[in-house]
Amino acid sequence: MANLFTRLKDSITADLHEALDQKEQKNPIAMLNQYLRESEKETEKVRKLVERQYRLKDEFSREFQKAQDMADKRRRQAEVAEKAGESTMYEYAVKEQQEYESRADRLQASRRDSIEQLEALERKYEEMKHKLKDMHLKRMELMGRENIARAHHRMNRVIEDTADKPYSRFSEIDRYIEDLEYKVNSAYYHNTFDSKMAQLEKEMEKREEVPAK
C-alpha cells in the first residue's frame, strides 16, 4: 500500500512538473532563461577544458625538459665513454641519447600543438563569454520591454474598464444620497408634524381669545 501511494505521489508530482514546464515554455523570457542556463553550463565546460589544456601544456613542457636534460646527459656520458675507450658504455649512452632526443622531439611537437590548441580554445572561450554577456544584456533589454508592455497593458485595462464606470458609479451614489436625504427629511417632517400642529393650534386659540377692538 505504501508503494502504491509513493507511485501515485511521484506520478502526480511528475505531471505537475510537466505542466509547469509547459507553462514556462510558453513564456519567451522563461525560454531565454533556460537557454542562458544551458549556455552557461557549456561555457563552464569549455573553461574546464581550457584549464585542462593548460595543465597538458605544462606537462608536455616538463616532460620535454626532462627528455632534453637526459639526452644532454647521455651525450656527455657518451663522450666520456668514447675517450675512455669503453665501447659498450659508449654504445649504450649513444642509444639512450638518441631515444631521449627522439622523445624530446616528439614532446616538443606535442607541446607546440597543445599551445596552438590552447590558443584556439582561449579564443573560442572568450568568444563564448562575450556571446553569453551579450545574451544577458539582451535578456535585460527584453525583460525591460516586457515590464513596460505589461505595465501599459494593465494601465490600459484599468483606464478602459473605468472609463465610464466612475461617473455611473458617482451617479448611483448621488441618487442614493438624494434618496437617503429625502427619507431623512420625510421622517423628520413626519416626526415633527404633530408638534408643529399643536403649536399652530395654540397660536390660533390665542388669536381667537383676543377680543376685537
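Since we're looking at a predicted model, the values are computed, not measured.

Caption draft 1: How the structure looks around the overall build of the protein. A count of helical and extended segments in the protein gives 4 helices and 0 strands. Counting only contacts in the protein whose residues sit at least 6 apart along the sequence, the fraction spanning at least 24 positions is 81%.

Caption draft 2: Up close: the pattern of salt bridges. Applying the stated criterion across every chain, the model contains 11 salt bridges. Among the ionic pairs, Glu63 bridges to Lys66, the shortest N-O distance being 3.7 Å. Here Glu63 pairs with Lys66, and both are found in helix H2 (residues 28-84), just 3 residues apart, close to one helical turn. With a relative accessible area of 29%, Glu63 lands in the partly exposed category. Taken together, the shared-partner salt bridges in this structure form one network comprising Glu44, Arg47 and Glu51.

Caption draft 3: A negative patch on the surface, seen in detail. Together, Asp174, Glu178, Asp179 and Glu181 make up a negatively charged patch on the protein surface. Relative to the helices and strands, Glu181 resides in helix H4 (residues 165-209). When its relative accessible area of 45% is taken as the criterion, Glu181 is described as partly exposed.

Caption draft 4: Highlighting the side chain of Ser114. Along the chain, Ser114 turns up in helix H3 (residues 87-161). You can call Ser114 buried: its relative accessible area is 1%. Those residues within four positions of Ser114 in sequence are excluded, and the remaining contacts are Gln53, Lys57 and Phe60.

Caption draft 5: Here's a closer look at the environment of Tyr125. With respect to the helices and strands, the residue Tyr125 is situated in helix H3. Residue classification places Tyr125 among the buried positions, given a relative accessible area of 14%. Separated by 79 residues in sequence, Tyr125 and Val46 have C-alpha atoms that sit 6.5 Å apart. Dropping the residues within four chain positions of it, Tyr125 is found in contact with Thr43, Val46, Arg47 and Val50.

Caption draft 6: Representation of a nonpolar patch on the surface. Residues Ile173, Tyr176, Ile177, Leu180 and Val184 make up a contiguous nonpolar surface patch of about 460 Å² in total accessible area. Among the structural elements, Ile173 can be located in helix H4.

Caption draft 7: Fine view of H2. With 57 residues, H2 extends 83 Å from end C-alpha to end C-alpha; this agrees with the ideal 84 Å at 1.5 Å per step. With its phi angle positive at about 75 degrees, Gly85 sits one or two positions after the end of H2.

How each quantity is defined
- Residues numbered from 1 in each chain as written.
- Predicted model: local features only at pLDDT ≥ 70, side-chain atom pairs only at ≥ 80, totals over all residues.
- Heavy atoms only, no water.
- Helix = DSSP H or I, 4+ residues; strand = E, 2+ residues; numbered from the N terminus.
- Contact = heavy atoms within 4.5 Å.
- Salt bridge = Lys/Arg side-chain N within 4 Å of Asp/Glu carboxyl O.
- Buried < 20%, exposed > 50% of the residue type's maximum accessible area, 1.4 Å probe, protein only.
- Patch = residues over 30% accessible without salt bridge, like charges linked within 9 Å, V, L, I, M, F, W, Y side chains within 5 Å.
- Areas by Shrake-Rupley, 256 points an atom, 1.4 Å probe, with all protein chains shown as cover.
- Lys, Arg positive; Asp, Glu negative; His and termini not counted.
- Charge placed at Lys NZ, Arg CZ, Asp CG, Glu CD.
- Expected span 1.5 Å × (residues − 1).

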